[in-house]
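# A closer look at the structure
In case you want the letters, here they are:
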Amino acid sequence: MISLVGLSSFCISAANTKNEVECFLNSKDLIQNLYATFPIDGNKIVESSDKKIISKFFSSGLTNMLLSDYRCREKTGSVCNIDFNILSNSQDDLGSFKILQATNNIVTVKFDTPTHGDFIDFYIENKDMCKVIKDIGYNNTNLLNILKK
């Protein structure tokens, strides 16, 4: 009886450890979880989050650039390079979105706005066996270029 109790507490501990080291094995799950973690209503933005949370979704280089831009914003009290929600390419809540395509290397998301549809491409790479975002493409630019200004 005692060994069963010990075994069940070990399983719970292993499950908790696994949740902390969450990894996305496919691109679509990565993007769906990204939007679940950071809804586009503007209440929780990517750049202001903890590095551990951001690095679950983004490459280490992009994570560091996002955090650096947010530190700049806090230090100067004004916008540095990012003046929009990076997940919607807008300063407004665009409402619903849908994933149009999800391959190993790219996920295209479409927002249906009252005036037009806006597309965002998430460029994906592998970090060990996990999928992470290495860049986000907007109409005529991308996030890496915006952050390098």
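All values reported here derive from a predicted model rather than from experimental measurement. Position numbers for residues start from 1 in each chain and track the written sequence from start to end. Two thresholds apply to this predicted model, a pLDDT of at least 70 for residue-level local features and 80 or more for giving and counting side-chain atom pairs, whereas whole-chain, interface and lining totals are computed over all residues. With hydrogens and water set aside, each side-chain value is computed from the structure's full complement of heavy atoms.

## Focus: the pattern of salt bridges
- Just to be clear on terms, a salt bridge is a Lys or Arg side-chain nitrogen sitting within 4 Å of an Asp or Glu carboxyl oxygen. Using the criterion set out here, one finds two salt bridges in the structure.
- We note a salt bridge from Glu47 to Arg73, for which the minimum N-O separation is 3.1 Å. Of this pair, Glu47 sits in the loop between α2 (27-37) and α3 (51-57) while Arg73 sits in helix α4 (residues 60-76); the two residues are 26 residues apart in sequence, bridging distant segments of the chain.
- Measuring nitrogen to oxygen at the nearest pair gives 3.9 Å for the salt bridge that ties Arg73 to Asp69. Of this pair, Arg73 and Asp69 are both found in helix α4, four residues apart, which corresponds to roughly one turn of the helix. Secondary structure counts use DSSP, requiring at least four H or I residues in a row for a helix and at least two E residues in a row for a strand, with both numbered from the N terminus.

## Notes on α4
- Taking 1.5 Å per residue, 17 residues should reach 24 Å; α4 reaches 24 Å between its end C-alpha atoms and fits that length.
- Categorising residues by exposure relies on relative accessible area from a 1.4 Å probe, with only protein chains included: less than 20% of the type maximum marks a residue as buried, more than 50% marks it as exposed, and the intermediate range marks it as partly exposed. When we look at burial in α4, the residues that qualify are Leu62, Thr63, Leu66, Leu67 and Asp69. Viewed along the axis of α4, the buried residues span an arc of 155°, placing them on a single side of the element. When the buried face of α4 is taken as reference, the exposed residues oriented beyond 90 degrees from it are Arg71 and Lys75.
- Packed against the buried residues of α4 are α3, β4 (130-138) and α5 (143-147). A helix is expected to span 1.5 Å multiplied by its residue count minus one. It is the directions from the helix axis to the C-beta atoms that the arc portrays. By definition, residues are in contact when any of their heavy atoms lie within 4.5 Å.

## With respect to the state of the cysteines
- Disulfides are defined as cysteine sulfur pairs within 2.5 Å. Evaluation of the coordinates by the stated rule reveals two disulfides.
- A disulfide bridge connects Cys23 with Cys130, and the sulfur atoms are separated by 1.8 Å. On the S-S bond that ties Cys23 to Cys130, the torsion sits near -125°, and the link is left-handed. Taken as a pair, Cys23 in the loop between α1 (2-20) and α2 and Cys130 in strand β4 lie far apart in primary sequence, 107 residues in all.
- Each sulfur in the disulfide pair Cys72 and Cys80 lies 1.8 Å from the other. Residues Cys72 and Cys80 are joined through a disulfide that is left-handed, its torsion about the S-S bond being -85°.
- What makes Cys72 partly exposed here is its relative accessible area of 29%.

## Looking at α2
- Turning to α2, its buried residues number three or more, namely Ser27, Leu30, Ile31, Leu34 and Tyr35. Angular distribution of buried residues about the axis of α2 spans 125°; they occupy a single face of the element.

No statement about biological role is implied by the geometric values presented.
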